[in-house]
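Listed below, chain by chain, are the residues.
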Amino acid sequence: MLERTIGDRRVSAIGLGAMPMSIEGRPDPDRSIATINAALDAGVTLIDTANSYHRDAGEEGHNEELVARALRERRVGPDEVLVATKGGTQRPGDGSWTKNGRPERLKAAAKDSARRLGVEAIGLYQFHRPDPEVPFADSMGAIAELLDEGVIQMAGISNTDIAQIDEANAILGGRLASVQNQFSPRFRSSQGELEHCARLGIAFLPWSPLGGIAKAAELGEQHSAFQSVADELGVSVYQVTLAWELALADVVIPIPGSSRPESILDSVGAADVQLSSEQVARLSAA
């Protein structure tokens, strides 16, 4: 598997987004465990989760516990697979998502996540989404304290703009390891953040890199250039999409969400797809 870098860690160029295993429409746990195992067998060494990836009230950490169970059963340690989790959002159980960037909440949430994941220090902890009720600097100050205290090994942010990337990196003393923003053929407004991360050498993790759970099936129909290149190469449109994202910069590490072994195995195949410079340009202009 092609590898890329987050902070001081080498990880697979395609990660596994575990969110679909725990939110609305989630499969039974056995299928989720099978999906994680398929990813590990294929060489995936980055799994993305969050404490808020759950469906019902009172089950915070559902996804973290599922990931931890799969790794524990496989006897895979934190030095072998980087588990990236997040704090700063919550789900009250009515289908909504709320923000909570209060420093005390972030610090407590990180410690709870470490316990659920069964690790002494979280490999990568990401501030999930800025909270308009809390100064961004205050939230990032808590993340810096978690780094200094050894609760987390690396720090990242998610759903942020260029100014916030620079502010976070300054508060962290140049230790910002990753930025996780939405990016796909249909959602390109984070192109500037991607390019900024490339200039700084910060990993950029596109979430919903195939357009999201509800839209992924329409990818080829809605973005004909991607389907055309897929037909040229004899691969899936999903592989072409992820290969295009990988080609945009060496810091890009897509994390497609999967809840079926077949889907993550198809996504992993993108690391072997070679796009020509003409194809990359055609897709970028589409």
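The structure presented is a predicted model; accordingly, all values stated were derived computationally and were not measured.

Asker: Where do I start with the packing of aromatic side chains in this structure?
Answerer: The description of two aromatic rings rests on the distance between their centres and on the angle between their planes. Under the defined criterion, the tally for this structure stands at five aromatic pairs. With 5.2 Å between their ring centres and 80 degrees between their planes, Phe226 and Trp244 make a pair best called edge-to-face. Residue Phe226 is found in helix α8 (residues 224-233), and its partner Trp244 is found in helix α9 (residues 237-248); the two are separated by 18 residues along the sequence. The class for Trp244 is buried, based on a relative accessible area of 1%. Members of the aromatic cluster, each reached through a chain of ring pairs, are Phe183, Phe204, Phe226 and Trp244. We note Arg91 situated over the ring of Trp97; from NZ or CZ to the ring centre the distance is 4.2 Å.

Asker: Any chance you could explain the nonpolar core here in plain terms?
Answerer: Within soluble globular proteins, side chains that are nonpolar generally end up buried alongside one another. With 52 residues, the main nonpolar core has Ile143 and Ile152 as its most contacted residues. Apart from residues no more than four positions distant in its own chain, Ile152 is found in contact with Ile122, Tyr125, Ile143, Leu146 and Leu147. Counting 21 residues, the second largest nonpolar core, distinct from the first, contains Ala68, Leu71, Val81 and Leu117.

Asker: Please clarify how the pattern of salt bridges should be interpreted in this entry.
Answerer: Two side chains with opposite charge may pair up if their charged atoms get near one another. One pass over the full model with this rule turns up 19 salt bridges. The partner of Asp148 in a salt bridge is Arg175, and the shortest N-O contact between them spans 3.1 Å. Remark: Arg175 occurs in the loop between α5 (162-171) and β10 (176-180) and Asp148 occurs in helix α4 (residues 136-149); sequence separation between them is 27 residues. The exposed category is assigned to Asp148, whose relative accessible area is 56%. Note that Glu278 and Arg282 form a salt bridge whose closest N and O atoms lie 3.0 Å from each other. On the criterion of helical spacing, the pair formed by Glu278 and Arg282 is a turn pair, its members being four residues apart in helix α11 (residues 277-285). We classify Glu278 as partly exposed; its relative accessible area is 44%. One continuous salt-bridge network, built from bridges that share partners, spans Asp30, Arg69 and Glu73.

Calculation rules
Residues numbered from 1 in each chain as written. Predicted model: local features only at pLDDT ≥ 70, side-chain atom pairs only at ≥ 80, totals over all residues. Heavy atoms only, no water. Phe/Tyr/Trp six-rings, centres within 6.5 Å; stacked < 30°, edge-to-face > 60°. Helix = DSSP H or I, 4+ residues; strand = E, 2+ residues; numbered from the N terminus. Buried < 20%, exposed > 50% of the residue type's maximum accessible area, 1.4 Å probe, protein only. Lys NZ or Arg CZ within 6 Å of the ring centre and 35° of its normal. Core = buried A, V, L, I, M, F, W, Y, C linked by side-chain atoms within 4.5 Å. Contact = heavy atoms within 4.5 Å. Salt bridge = Lys/Arg side-chain N within 4 Å of Asp/Glu carboxyl O.

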